[in-house]
Amino acid sequence: MPISDAVILVREGRIQALGPANEVALPIGATQVSLEGLFVTPGLINVHGHVGGLAAASADPVQEVRAELERYARFGVTTVNSQGGEPGGVQGLRHAVFPSDAGAPRARLLMAGSVVAGTTPEAVVAEVDRNAERGVDWIKIRVDDNLGTTPKMSPEIYRRVIEQAHEHELPLEAHLFYLEDAKGLLAAGADLIAHSIRDQAVDADVITALLERDVCYVPTLTREVSAFAYGETPAFLADPFLAADVDSSQVEEVMEPARQAQVAASESARAYRAALDVAQSNLDSLSNAGVRIAFGTDSGPLGRFQGYFEHMELSLMVESGLTPEEALFSATRDAAICLDRGDLGVLEEGRWADFAAFAAAPWDDISNTKTLARVWVGGNEISRP
Ligand SMILES: [Zn+2]
């Protein structure tokens, strides 16, 4: 519920008090920041992003990932759950952002380490153990045949991965495409569905399985967009909100004529365009059925612009049938629940002071998230372009 004329009292990075101005006593000497005319929400939490994927050749991957987290934050994304493939050495960037950790303020990072793959129980168990040793937040697997082009991880193997993840008390997040795999993974104990079910309409069985353990479902609709949009030059590349803060080398790469021709002619681009329709209709069905939807984009790889794609994702969620308020809850309160982070996602006493201020209320019209004016993470203001 929005509060008019509100005051948020922040101390040591956390919210100490919050309420209407006449109910919050300000300590003597407190620094006051006026947000007059702005509308404040908790910072956006991306439950499925990636960092450092394009940094492989970089001399300093940690610096690269830090820069990506700074960009996410400039777009109002204050926490990123990176679902695997982070470069080595970035574990030190997990979580801590208050006080600002020897660098510019940035988004919080959670990570999965290497995406567990393998064809024998011994191999996958060893990989889960290595990731656990590295101190990851999640174990990630992919159960997909990439439109019939690659072998899919077998149920025997993914069951073993899930068992071993749980042995380390780590939750399991699963990339998938097919309804039947969702059912198998849920029965095996998977803790997060990391993409939309995109081959067919969801049914009562999968809804029951999701609801039974309150497993969160991450639509990543923009991931589908990125698979076909660059068959031409999409209109969003000219969006000033993107252009103001974009890795221009990526824009050049996706606008390359030879690459566009290849995407335009590709079977998989067509298939993923159709998959987006299925994904949007499934999102509507699952949301109506009360399944907890966790906001996520799969941003990070080439052409999935970190920060910007999160705003596009919110719009696509609303286009799918969610209200702006439901989309925002999915990206804040519910995302925090899905990540088991009771210290994030809601503006209330005791939680981290991660919030975004907009010139127009995003709960009235979701495209108002592009009026983003100011962002704080752990009480640190992010400087925006
Ligand atoms: Zn991903």
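Our subject is the structure listed above.
A brief structural summary. Fair warning: this is a prediction, and the values are worked out from it, not measured in the lab. (Residues numbered from 1 in each chain as written. Predicted model: local features only at pLDDT ≥ 70, side-chain atom pairs only at ≥ 80, totals over all residues. Heavy atoms only, no water.)

1. Let's talk about the overall build of the protein chain
Heads up, the rule is: Each helix is a run of H or I in the DSSP string that is no shorter than four residues. Each strand is a run of E no shorter than two, and both are numbered from the N terminus. Here the globule rule reads 2.2 Å times residues to the power 0.38, and the radius of gyration is calculated from C-alpha atoms. Whether a residue is buried, partly exposed or exposed follows from its accessible area with a 1.4 Å probe, protein chains only, as a fraction of its type maximum: under 20%, in between, or over 50%, in that order. Two residues form a contact once any of their heavy atoms are found within 4.5 Å. Every accessible area reported is derived by Shrake-Rupley at a probe size of 1.4 Å, with residue values counting cover from the shown protein chains alone. None of His or the chain ends enter the tally, which takes Lys and Arg as positive and Asp and Glu as negative. Throughout, a charge is located at the NZ atom of Lys, the CZ atom of Arg, the CG atom of Asp or the CD atom of Glu.
Within the protein chain one finds 13 helices and 13 strands. Radius of gyration (C-alpha) of the protein chain: 20 Å, near the 21 Å computed for a compact globule of 385 residues. With the principal axes as the frame, the protein chain shows a C-alpha extent of 65 × 50 × 50 Å. Sorting the 385 residues of the protein chain into buried and exposed places 52% on the buried side. When contacts within the protein chain are restricted to residue pairs at least 6 apart in sequence, long-range pairs at least 24 apart make up 70% of them. Here the protein chain has roughly 16,000 Å² of accessible surface; of this, 50% comes from carbon and sulfur atoms. Within the protein chain, one finds 30 positive and 56 negative side-chain charges whose respective centroids are separated by 3 Å.

2. Some points on the state of the cysteines
For the record, the criterion: When two cysteine sulfur atoms lie within 2.5 Å, the pair is treated as a disulfide.
One pass over the full model with this rule turns up one disulfide. Bridging C216 to C338, the disulfide has an S-S length of 2.1 Å. On the S-S bond that ties C216 to C338, the torsion sits near -90 degrees, and the link is left-handed. Pair noted here: C216 is in strand β10 (residues 216–217) and C338 is in helix α13 (residues 333–338), with a separation of 122 residues, a long-range link.

3. Considering the nonpolar core
How we decide: Here, nonpolar core refers to any group of buried Ala, Val, Leu, Ile, Met, Phe, Trp, Tyr and Cys residues whose side-chain atoms link them within 4.5 Å.
Membership of the largest hydrophobic core comes to 84 residues, with the highest contact counts inside it found for I141 and F236. Excluding anything up to four places from it in sequence, I141 contacts V115, V116, M153, Y158, V161, L172, E173, A174, H175 and L185. With 14 residues, the next largest nonpolar core counts I45, A112, W138 and V218 among its residues.

4. Examining the coordination of the zinc ion
Put simply, the rule is: The donor definition counts N, O and S atoms within 2.8 Å of each metal and applies 3.2 Å to Na, K and Ca; water is not among these atoms, so some sites may look incomplete.
Surrounding the zinc ion are the protein donor atoms H48 (NE2), H50 (NE2) and D298 (OD), at 2.0 to 2.1 Å. Each donor residue of the zinc ion lies on the same chain, and together they follow the pattern H-x1-H-x247-D. The buried category is assigned to H50, whose relative accessible area is 10%.

5. Notes on the packing of aromatic side chains
Under the convention used in this document: We call Phe, Tyr and Trp rings a pair once their centres come within 6.5 Å, taking the six-membered ring for Trp, and we label the pair stacked below 30 degrees between planes, edge-to-face above 60, and tilted otherwise.
Tallied over the entire structure, the rule returns ten aromatic pairs. With centroids separated by 6.2 Å and ring planes inclined at 75 degrees, the aromatic side chains of F177 and Y272 adopt a geometry described as edge-to-face. A residue pair is termed long-range when its members are at least 10 positions apart, and F177 in the loop between β8 (172–176) and α4 (179–187) and Y272 in helix α10 (residues 267–288) qualify at 95 residues. Grouping residues by exposure puts F177 and Y272 together as buried. Ring plane angle 80 degrees and centroid distance 5.9 Å describe the contact between F236 and F309, whose orientation is recorded as edge-to-face. Here F236 is found in the loop between α6 (221–228) and α7 (240–243), whereas its partner F309 is found in helix α11 (residues 308–320), with 73 residues between them in sequence.

6. Topic: the sheet that holds strand β13 (residues 380–382)
This is how it is decided: Here the rule is simple: two strands pair whenever DSSP picks up at least two bridges between them. Helix axes are fitted to C-alpha atoms over the stretch in contact, other axes to C-alpha atoms as well, and angles between N-to-C directions run from 0 to 180 degrees.
Across the sheet, which stays open at both edges, the four strands sit in the order β3-β11-β12-β13 with antiparallel pairing between neighbours. A strand with exactly one partner marks an edge of an open sheet, and here the two such strands are β3 (39–42) and β13. Averaged over all pairs of adjacent strands, the angle between strand axes in this sheet comes to 25 degrees, irrespective of strand direction. As paired elements, strand β11 (residues 355–358) and strand β12 (residues 372–377) share four bridges and run antiparallel to each other. Residue pairing for β12: F355 is matched across the bridge by W376. With respect to the sheet, helix α1 (residues 61–74) is in contact with β12 and β13, its orientation differing from that of β12 by roughly 130 degrees.

7. A closer look at the sheet that holds β8
Reading across from one edge, β7-β8-β9-β10 is the order of the four strands in this open sheet, with parallel pairing throughout. Two strands in the sheet have a free side with no partner beyond their single neighbour: β7 (139–143) and β10. When β7 meets β8, the two strands line up parallel, connected through five bridges. Bridge pairing in β8 places K140 opposite E173. Sheet contacts for helix α3 (residues 155–167): β7 and β8; angle to β7, the most-contacted strand, approximately 170 degrees. Here α4 sits on the sheet and contacts β7, β8 and β9 (192–193); the angle it forms with β8, its principal contact strand, is near 165 degrees.

8. Looking at the environment of L237
Secondary-structure assignment places L237 in the loop between α6 and α7. Considered as a pair, L237 and M255 are 18 residues apart in the sequence and their alpha carbons are 9.4 Å apart. In this structure, L237 is in contact with Y230, L242, V251, V254, M255 and F305, ignoring residues within four places of it in sequence.

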